[in-house]
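In case you want the letters, here they are:
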Protein chains: 2
Amino acid sequence: MTNEDKPRRPTISDVAAAAGVSVKTVSRVINNAPSVRPEVTERVLAAIGELGFRRNHIASSLRSGQATATIGLIIEDLANPFYSALAAAVGRYARERGTHLITASSEESPELERRLFLELCQRRVDGLIIVPAGGDHSYMRPELEMNTQVVFLDRPPAGILADSVLIDNAGGTRAGVEALLGRGHRRIGVISDSTTIYTARERLAGVRAALAGAGVPYDDALVRTDVAHPDQAAAAATAMMRGGDPPTAFFCGNNRITVGVLAALGRLDGDHDARGDTRGDTDVDLLGFDDFELADLMPRPLTVIAYDVGELGRTAAARLFDRIGGDRSWPAETVLPTRLVRRGPRRPAS
Amino acid sequence: MTNEDKPRRPTISDVAAAAGVSVKTVSRVINNAPSVRPEVTERVLAAIGELGFRRNHIASSLRSGQATATIGLIIEDLANPFYSALAAAVGRYARERGTHLITASSEESPELERRLFLELCQRRVDGLIIVPAGGDHSYMRPELEMNTQVVFLDRPPAGILADSVLIDNAGGTRAGVEALLGRGHRRIGVISDSTTIYTARERLAGVRAALAGAGVPYDDALVRTDVAHPDQAAAAATAMMRGGDPPTAFFCGNNRITVGVLAALGRLDGDHDARGDTRGDTDVDLLGFDDFELADLMPRPLTVIAYDVGELGRTAAARLFDRIGGDRSWPAETVLPTRLVRRGPRRPAS
DNA sequence: CGGGGTGTTGACAACGATGTCATTCGGACC
DNA sequence: GGTCCGAATGACATCGTTGTCAACACCCCG
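Residues numbered from 1 in each chain as written. Chains lettered and ligands numbered in written order. Predicted model: local features only at pLDDT ≥ 70, side-chain atom pairs only at ≥ 80, totals over all residues. Heavy atoms only, no water.

### Topic: the protein's contact with DNA strand C
The line we're drawing: We define proximity as follows: a residue is near a molecule or strand when any one of its heavy atoms falls within 4 Å of that partner. We define a polar contact as two N or O atoms separated by no more than 3.5 Å, with the added condition that, inside protein, one atom must be a possible hydrogen donor and the other a possible acceptor, whereas residues neighbouring each other in sequence contribute only through side-chain atom pairs. Under the DSSP-based scheme used, a helix requires at least four consecutive residues in state H or I and a strand at least two consecutive residues in state E, with every element numbered from the N terminus.
Every one of the 24 residues lining DNA strand C counts as a neighbour, but A:I12, A:K24, B:T25, B:R28 and B:R63 are closest to it. Per the 4 Å cut-off to the protein, sugar and phosphate atoms form 61% of the nearby atoms of DNA strand C. B:R37 is positioned such that a nitrogen or oxygen atom in its backbone is 3.0 Å from a phosphate oxygen of DNA strand C. Between DNA strand C and B:R63 there is a distance of 2.8 Å, counted from a base nitrogen to a side-chain nitrogen or oxygen. Broken down by secondary-structure element, the contributors of at least two residues to the surface near DNA strand C are α2 (23–30) and α4 (57–63) of chain A together with α2 (23–30) and α4 (57–63) of chain B. Among the elements that take part in the surface near DNA strand C, α4(A) stands out by supplying 4 residues, more than any other.

The structure is reproduced here in structure tokens:
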């Protein structure tokens, strides 16, 4: 039996003993420091290989002060494709710079956001990217003053000054709704997430701006907010369609709402079919914020307000790495553009 | 000017000085140790608040030996909904236990998988969950012997003994294909990911078993492997449909392939429509491994081999936490069941 | 009134690595 | 031949925290 069952990891000093040199020399070899004789280097490397030594990154980053080569990402919900796409983009950017990523979901809870933020600071991450849930980030100030870098993503900070990377929510929505208006729609159902969320407010502002520009009144009966789940969106759309004077088009405030409304309209169509009606609702026009992978496979045409999610994540990551690298310029707000994209089944060329 | 611009974080000893106690007493207060007089506790807490002290988790976990309260997750691609759902489930489970999660994507590269694994070990994560890309994990052995816990997820380990949590790939596929056969299909197109991937091999084995059971020959012309992208799947399906004696049904080896094939069939339908044909391909039956959120909104009916992704992630996480908690029982393979689910548009009740 | 808790506190070492500085040893140079 | 210089190496302190152990005060009991 030559195998050893010691559960203890070899340390730099075990290696030093095995190689017959000092710990400092081992440290030098590990860090590719100059001025170590090739012969000694070789002996140390041999010992490292034999013992299966791996440098303790924890101890290393403690001693050297900063640079844990780790960043944190706080998002709302990793299971949402929008956020997982963001996380993937940030993770890839970090990876290319030898940095690891701790991802955490705040589930739209300001309290959890705060806890996660502070916990990640305790881990001395080099910086954080955060899609904030809360409406006040002054609690971050002490950490910012102590050299923790933070970039806000998709939603701006409140109560502190920090970099943010956003998309043109209001402008994109306005353009989309104007397109609906241009197609003759005058009754547009609006289904939105909670207005406590920045992006929802901005998008609603875009709706109002477009309506005002066309002189179309804003009808509260056609606006539903606080919709957090596709099922709620479906219910809201169904209710509007069954009401008197139903909308001829919908604006859906995000991808989950779009999906819910699509499902609801599909069911309404199905009911009509079952009753032998013509597909009466097929001409309901749909505008949704956020593109999604399967949009082209949806059973009806829709317009989406699209933007490059990967770009959004990369831009935030790039900003953060600039900061970590020592950039101390005045915090900036970056706004990425959106564009309208027609999705859904290809119409047969008639 | 009373504010201080020192970028240095206060340490436990700054707090001790401010409160007029020893560092050890501060440590006791931080850790809720008993036997500190309430009055002293209060003084220390006041000092902590005033200085904005936060315990350095790095130093703490270095001193106390183990327990970084961090686990690692290595998956193929966070942008894929399957993996992000896994990551979300694992992250939530970890969060509930006060543990953070470092997620990394190996992009199906065994070499990258290995690098990520070793890097995470250097960070002294308490354990790792890995969806392996490689076919040999003996490189992990030294780490395992040094008390790093590893659970394999979705694919089993090779070359070492470790826990794994899988789904019933072969059985689920067999059941699905048998259902197709039961509906009379004899020519079933099979589109699969690379057979270097365990799950792809297992699923193909399920296909063969079902065919063999029904006495239907396995026709190589109807099998396409190494499909890594929806577009490739679409191309493969299109080619088969355009060939002589096209399949009357497809088995799609994963969600991305299903999406590609759906898109291809949709385009073929569209072409027929454009030429004034009837929707000639509508009766092509579709079976796909993996459920996906928008399956019900797909333009045609399909059957999916579904399983609970959240459960998969939670089960692996639970196993890992058991191990971290000290469970040293013999490694086990857990296989979760699948079920067939009919998806797609609701047919009008006729 | 002394012995033996119990409760509170602090001095010191240690975790595993790296920065600082000193030491040693050749060889180049005057 | 002595001096100086740089390369190679090691002793030791240090990062921020916690474990160990000792010191001290106080109280209960016999």
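On we go from here.
### Quick look at the protein's contact with DNA strand D
Filter applied, for reference: When residues are grouped by polarity, Ala, Val, Leu, Ile, Met, Phe, Trp, Tyr, Cys and Pro land in nonpolar, Asp, Glu, Lys and Arg in charged, and all others, Gly among them, in polar.
Neighbouring DNA strand D are 23 residues; A:T25, A:R28, A:S35, A:R63 and B:I12 lie closest to it. Each atom of DNA strand D within 4 Å of the protein was assigned to sugar, phosphate or base; sugar and phosphate come to 61%. Between DNA strand D and the protein, one listed contact pairs a phosphate oxygen with a backbone N or O atom of A:R37 at 2.9 Å. Among the elements of the structure, α2 and α4 of chain A together with α2 and α4 of chain B are those that each provide at least two residues to the surface near DNA strand D. Its residues assigned to classes, the surface near DNA strand D shows 7 nonpolar, 8 polar and 8 charged.

### Side note on the pairing of strand β3 (residues 127–130) of chain A
Residues and elements named next belong to chain A. Put simply, the rule reads: Exposure is judged per residue with a 1.4 Å probe applied to protein chains only, and the accessible area is read against the type maximum: over 50% gives exposed, under 20% gives buried, and values in between give partly exposed. Paired strands, as defined in this entry, are two strands with at least two bridges between them according to DSSP.
Of the two faces of β3, the one holding G127 and I129 and the one holding L128 and I130 are both buried throughout. Both strand β1 (residues 70–75) and β3 contribute to a ladder of 4 bridges, which runs parallel. What sits directly across from I71, in β3, is G127. Where β3 and strand β4 (residues 149–153) come together, 4 bridges link them in parallel fashion. The residue bridging I130 from the neighbouring strand is F152, located in β4.

### Regarding the sheet that holds strand β7 (residues 223–224) of chain A
Residue and element names in this part refer to chain A. Rule in force here: Should any heavy atoms of two residues lie within 4.5 Å, those residues are considered in contact. Lines are fitted to the C-alpha atoms to define the axes, a helix being fitted only along its stretch in contact, and any angle between axes, read from their N-to-C directions, falls within 0 to 180 degrees.
In spatial order, the strands read β7-β6-β8-β9-β10-β12; together these 6 strands make up an open sheet with mixed pairing. Looking along the sheet, the strands with just one partner apiece sit at the ends: β7 and β12 (339–343). Here 4 bridges tie strand β6 (residues 188–191) to strand β8 (residues 249–252), and the two strands are oriented parallel to one another. From the neighbouring strand, I191 faces β8, where its bridge partner is C252. Relative to strand β9 (residues 285–289), helix α8 (residues 169–182) is tilted by about 175 degrees, and along the sheet it contacts β6, β8, β9, β10 (302–306) and β12.

### A few points about the pattern of salt bridges
Applied cut-off: Each reported salt bridge corresponds to a side-chain nitrogen of Lys or Arg within 4 Å of a carboxyl oxygen of Asp or Glu.
One pass over the structure, following the stated rule, counts 46 salt bridges over all chains. Two residues, B:R9 and A:E143, come together in a salt bridge whose shortest N-O distance is 3.0 Å. In this pair, B:R9 sits in the segment before α1 (12–19) while A:E143 sits in helix α7 (residues 141–145), so the two residues belong to two different chains. Residue classification places B:R9 among the buried positions, given a relative accessible area of 15%.

### Quick look at the interface of chain B and chain A
Stated precisely, the cut-off is as follows: Accessible area that two parts lose when put together, with a 1.4 Å probe and added across both, is what the buried area reports.
Counting residues at the interface gives 61 residues for chain B, matched by 59 residues for chain A. Overall, the association of chain B and chain A removes approximately 5,500 Å² of surface from exposure, summing both partners, and the carbon and sulfur fraction of that is 56%. Three residues stand out in chain B for area buried against chain A, namely B:R9, B:R123 and B:L297, and they jointly supply 14% of the buried area on that side. Where B:E143 meets A:R54, a salt bridge forms, and the shortest distance between an N and an O atom there is 3.4 Å. Linking chain B with chain A are 26 residue pairs in polar contact (both at pLDDT 80 or more), by the criterion used here. For the side of chain B that touches chain A, the secondary structure elements donating two or more residues are α4, α5 (81–95), β2 (100–105), α6 (110–122), α7 (141–145) and α11 (255–274) of chain B. When grouped by side-chain class, the residues that make up the side of chain B that touches chain A number 30 nonpolar, 12 polar and 19 charged.

### Details of the packing of aromatic side chains
Here is the rule: Aromatic contacts are taken between Phe, Tyr and Trp rings whose centres are within 6.5 Å, Trp giving its six-membered ring; a plane angle under 30 degrees counts as stacked, one over 60 as edge-to-face, and the others as tilted. Lysine NZ or arginine CZ positioned within 6 Å of the ring centre and within 35 degrees of the ring normal marks a charge as sitting over the ring.
Tallied over the entire structure, the rule returns 10 aromatic pairs over all chains. Here B:F82 and B:Y307 contribute two aromatic rings whose centre-to-centre distance is 6.3 Å and whose plane-to-plane angle is 80 degrees, an arrangement assigned as edge-to-face. Residue B:F82 is located in helix α5, and its partner B:Y307 is located in the loop between β10 (302–306) and α12 (309–324); the two are separated by 225 residues in the primary sequence. On the basis of relative accessible area, B:F82 is assigned to the buried category, the value being 10%. A connected cluster of aromatic rings, assembled from ring pairs, spans A:F82, A:Y83, A:F289 and A:Y307. Here the guanidinium or amino end of A:R97 rests over the ring plane of A:Y93, the centre of that ring lying 3.6 Å away. Above the ring of A:Y218, the side-chain terminus of A:R208 is found at 4.0 Å from the ring centroid.

### Notes on the environment of A:R9
Taking the C-alpha atoms as reference, A:R9 lies 8.3 Å from A:R54; in sequence the two are 45 residues apart. Once residues within four sequence positions are removed from consideration, A:R9 is found in contact with A:D14, B:C121, B:R124, B:E143, B:M146 and B:T148. Here the side chain of A:R9 touches B:E143 through a polar contact of 3.0 Å, side chain to side chain.

### A word on the sheet that holds strand β6 (residues 188–191) of chain B
All names here are of chain B. One open sheet accounts for 6 strands, arranged β7-β6-β8-β9-β10-β12; its pairing is mixed. With partners counted over all chains shown, the strands left at the sheet margins are β7 (223–224) and β12 (339–343), one partner each. Running at roughly 175 degrees to strand β9 (residues 285–289), helix α8 (residues 169–182) makes contact with β6, β8 (249–252), β9, β10 and β12 of the sheet.

### Structural notes on the relation of the copies chain B and chain A
Counted only if it meets this: The least-squares superposition of copies is restricted to C-alpha atoms, and to residues with a pLDDT of at least 70 in both copies.
For these two chains of identical sequence, chain B goes onto chain A by a turn of 180 degrees and a shift of 0.1 Å along the axis, with RMSD 0.1 Å. The transformation relating the two chain copies, once decomposed into turn and shift, fits a two-fold axis. Rotation axis and chain B: the residue whose C-alpha lies nearest the axis is B:I102, separated from it by 2.2 Å. Looking at the interface residues of chain B, 97% of them are also at the interface in chain A, so both copies use one shared face.

### Let's talk about the packing of helix α5 (residues 81–95) of chain A against helix α12 (residues 309–324) of chain A
Residue and element names in this part refer to chain A. Rules: Should an angle lie under 35 degrees it is considered roughly parallel, over 145 roughly antiparallel, and from 65 to 115 roughly perpendicular; all remaining angles are considered oblique. Whether a crossing is left-handed or right-handed is set by the direction in which the near helix is turned from the far one by less than a right angle, anticlockwise for left-handed and clockwise for right-handed.
For the pair α5 and α12, interaxial distance at closest approach is 8 Å and the crossing angle is 45 degrees. By the angle class used here, α5 and α12 are oblique. The crossing of α5 and α12 is right-handed. Of α12, the residues touching α5 (which contributes F82, A85, L86, A89, V90, Y93 and A94) are V309, G310, L312, G313, R314, A317, A318 and F321. For the contact of α5 with α12, the residue count by class is 12 nonpolar, 2 polar and 1 charged.

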